[in-house]
Amino acid sequence: MVEELDPFKIAQKQLDDAAAIMSLDKQALAILREPKRVVTVNIPVRMSDGTTETFTGFRVMYNDARGPGKGGIRFHPEENVSTVKALAAWMTWKTALADIPFGGGKGGVICDTKKMDAFELENLSRSYVRALAEVVGPKKDVPAPDVYTTPQIMAWMMDEYNKLAGGSEPGFITGKPVEIGGSQGRFDSTAMGGMYILRNAAKMAKMDLKKARVAIQGFGNAGKFAFDIANTMLGANVVAISDSKGGVYSEKGLDYDKLSAAKEQTGTVQGYKGTEDVSNEDLLELDVDVLIPAAIENQITGKNADRINAKMVLELANGPVTPDADKILFEKGILDLPDFLVNSGGVIVSYFEWVQNNSGEYWTEDSVYKKLDGIVTKSFNDMVAMQKEYKEKGKKITPRQAAYIIAVDRVAKAMKLRGWY
Ligand code: NAD
C-alpha cells in the first residue's frame, strides 16, 4: 500500500490514533478533526518591474477553545492548504501541551522568496495583512514567522496592521525585531527549547551529550541555532548539517562560525573545505547518536525509517516523521521525540512576546530562557508521566501518543466548558 503523505491526513490520523487510545468523546473528536475556519485570499502585488502578480495565500484557524489562534506564516513555492491545515492542527496541540492560553492557527503564501526582491516582499507582506485584516488580530489570531519569513517581514506586517487598526498594536504579531517590541531570546527560541528537551531526554536515556554525535537537516532558524546551541550549551559534536541544496559531513565535527560564514558567502553549506558532501537523504541515515530533522515535512517515512541509525530523533521541524515511520522507529527502540513538544520553544517565547507587548513590561534574555526551560521541561515530564501511566495499565504508547493525549484532553475540556458539545 502506498503511504499517505498528505500532511493534513497525517495530522488527522495521529489525532484518531490518540482519540482511540484515550476513548475521546465522539462529538469532541468530530470538532477536532477539522479546522474551525479556512480562508483563501488572492493577493495582487505590484512587482519591481511595474507589473502586477497575483499570489494565493491562506490563513487557517484550527481551534480557539483555549485562546486566540496562534501560528506562523510560511512563504513557500509549494505551499498548499493541506499543509497549512496540518500546521494549524499541530499548533493547537503545541499550545495545549505547553499549556499557554492560545489555540492553533497557521498561514501561508505560495511564492518563491528567493526570486523576489525586498520591495516585492514588503508589498506582498503588507497585502497579505490587508487581505486578512478581519480574521487576524491580538485577540483573534496572532501570526509569527515560519519557513522563509523573517523578523523584517513581521515588522512590515505589524506596521500595516497598525495602520488599519489606527493605533499601536504590537501584540498583533510575534517574532518582531527587538527594537519594535520583539522579545529577547525569540530569534533562537525554537532551537533553545529543542535543546532543553534534548538535555532532558539524554538524561533520561543516560546518553552523555559531551560524547554524542549529532546530525541536523536544515540550516535555517531552527537548524542553524540548534547547531550552535548543541555545541556551546550541551557540548555535543555536530558532525553533519544540510540545507535545501544538500549537506556536509565531518568525522571530527563541524565548526559553527566557519560554516555559517561560508554559507553566507556561497549560499550553501555544501563544498566546505575539509568536509565531505552528503545528500539530504543520506544525512538522515548516518550513524549518529542524535538526528535532528529541522527543515520540512515527510523526511522519515515508511521507506527509509528502517535505515535510520540514530539512537534518538529530535523533531525540530514540523511533521518530519510519518505515522508509518513512527511505528518502525518505535519497534527499533529509537526514541523519537515529537515535533509539537520539541519545537514548542518558538511559540512559547512568542507567547512571552505577546504578554510583554500587552503589559508594556519587557524581560531580560536570561529571564526568558529560564521561563522557557520551565515550560518545556514541564511538558517533557508530563509526556513521560503519561507514557508511564499507560505502561502501568499494560499499554505501551509512543512519546507522540502520550503528548497527543495530554493536548487533546486539554482542548476537549476547554470545548466542553464552553458548551461546544
Ligand atoms: P527557515 O526558512 O529559516 O529554514 C529552512 C531550512 O530548511 C533552510 O536551511 C533550507 O535550506 C532548508 N530546506 C528547505 N527545503 C529543504 C529540503 N527539501 N531538504 C532539506 N533542507 C531543506 O525555516 P525554519 O524557521 O528553520 O523552519 C524549519 C522547520 O522548523 C519547519 O518545519 C518549521 O515549521 C519548523 N519550526 C520553525 C519555528 C520557528 O520559530 N522558526 C518554530 C516551530 C517550528
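Now for a quick tour of the structure. (Residues numbered from 1 in each chain as written. Predicted model: local features only at pLDDT ≥ 70, side-chain atom pairs only at ≥ 80, totals over all residues. Heavy atoms only, no water.)

Things to note about helix H7 (residues 221-232)
No. 1: Taking 1.5 Å per residue, 12 residues should reach 16 Å; H7 reaches 17 Å between its end C-alpha atoms and fits that length.
No. 2: All of the buried residues in H7 are Ala-222, Gly-223, Phe-225, Ala-226, Phe-227, Ile-229 and Ala-230.
No. 3: Of the surrounding elements, those touching the buried residues of H7 are helix H6 (189-205), strand S6 (213-217), strand S7 (237-243) and helix H8 (256-266). (Helix = DSSP H or I, 4+ residues; strand = E, 2+ residues; numbered from the N terminus. Expected span 1.5 Å × (residues − 1). Buried < 20%, exposed > 50% of the residue type's maximum accessible area, 1.4 Å probe, protein only. Contact = heavy atoms within 4.5 Å.)

A word on the site of the ligand
No. 1: As a matter of local geometry, the ligand sits amid 21 residues, with Thr-190, Phe-219, Asn-221, Ala-222 and Asn-318 nearest to it.
No. 2: In the environment of the ligand, a nitrogen atom lies 3.4 Å from a nitrogen or oxygen atom belonging to the side chain of Asn-280.
No. 3: Asn-318 is positioned with one of its side-chain polar atoms (N or O) 2.8 Å from an oxygen atom of the ligand.
No. 4: Isolated, the ligand exposes 830 Å² of accessible area, and the fraction of that covered by the protein chains is 88%.
No. 5: Of the residues belonging to the shell around the ligand, the class tally is 9 nonpolar, 8 polar and 4 charged. (Near = heavy atom within 4 Å. Polar contact = N/O pair within 3.5 Å; in protein donor to acceptor, adjacent residues only side chain to side chain. Areas by Shrake-Rupley, 256 points an atom, 1.4 Å probe, with all protein chains shown as cover. Nonpolar A, V, L, I, M, F, W, Y, C, P; charged D, E, K, R; others polar.)

Things to note about the packing of helix H3 (residues 81-98) against helix H14 (residues 399-418)
No. 1: Contact geometry for H3 and H14: axes closest at 8 Å, N-to-C directions at 90°. By the angle class used here, H3 and H14 are roughly perpendicular. Taking contact as the criterion, the partners of Trp-90, Thr-92, Trp-93, Ala-96 and Leu-97 in H3 are, on H14, Ala-403, Tyr-404, Ile-406, Ala-407, Val-408, Arg-410 and Val-411.
No. 2: Taken together, the residues that form the contact of H3 with H14 break down as 10 nonpolar, 1 polar and 1 charged. (Axes fitted to C-alpha atoms, helices over the stretch in contact; angles between N-to-C directions. Parallel < 35°, antiparallel > 145°, perpendicular 65-115°, else oblique.)

Comments concerning the nonpolar core
No. 1: Trp-93 and Leu-337 are the most contacted members of the largest nonpolar core, which totals 100 residues.
No. 2: A domain split of this core shows at least three residues from each of domain 1 (35-168) and domain 2 (189-342).
No. 3: Not counting residues within four places of it along the chain, the set of residues in contact with Trp-93 comprises Leu-15, Leu-32, Phe-340, Tyr-404, Ala-407, Val-408 and Val-411.
No. 4: In this structure, Met-47, Leu-124, Val-136 and Trp-156 belong to the second largest nonpolar core, which totals 26 residues. (Core = buried A, V, L, I, M, F, W, Y, C linked by side-chain atoms within 4.5 Å. Domains from an automatic or database assignment.)

Some points on unusual backbone geometry
No. 1: Within the chain, Tyr-148 stands out as a residue other than glycine whose phi angle is a positive 60°.
No. 2: Mapping Tyr-148 onto the fold places it in the loop between strand S5 (141-145) and helix H5 (151-165).
No. 3: Using a relative accessible area of 35% as the deciding quantity, one classes Tyr-148 as partly exposed.
No. 4: The backbone of Lys-206 sits at a positive phi, close to 55°, despite the residue not being glycine.
No. 5: Along the polypeptide, Lys-206 turns up in the loop between H6 and S6.
No. 6: Taking the relative accessible area as the measure of exposure, Lys-206 reaches 76% and is therefore exposed.

Comments concerning the side chain of Asn-318
No. 1: The topology assignment puts Asn-318 in the loop between strand S11 (312-314) and helix H10 (323-331).
No. 2: Among the residues examined, Asn-318 registers a relative accessible area of 10% and is labelled buried.
No. 3: A distance of 3.2 Å separates the side chain of Asn-318 from the side chain of Lys-94, its partner in a polar contact.
No. 4: Polar side-chain contacts of Asn-318 include one of 3.1 Å to the side chain of Asn-343.
No. 5: When sequence neighbours within four positions are dropped, the list of residues in contact with Asn-318 reads Leu-87, Trp-90, Lys-94, Lys-106, Asp-146, Ile-296, Glu-297, Asp-339 and Asn-343.

Regarding the environment of Asp-287
No. 1: The topology assignment puts Asp-287 in the loop between helix H9 (280-284) and strand S10 (290-293).
No. 2: Relative accessible area serves as the criterion here: at 57%, Asp-287 is assigned to the exposed category.
No. 3: C-alpha of Asp-287 to C-alpha of Glu-134: the two residues are 153 residues apart in sequence and 50 Å apart in space.
No. 4: In this view, Asp-287 contacts Arg-213 and Asn-309; residues no more than four positions away in its chain are not counted.

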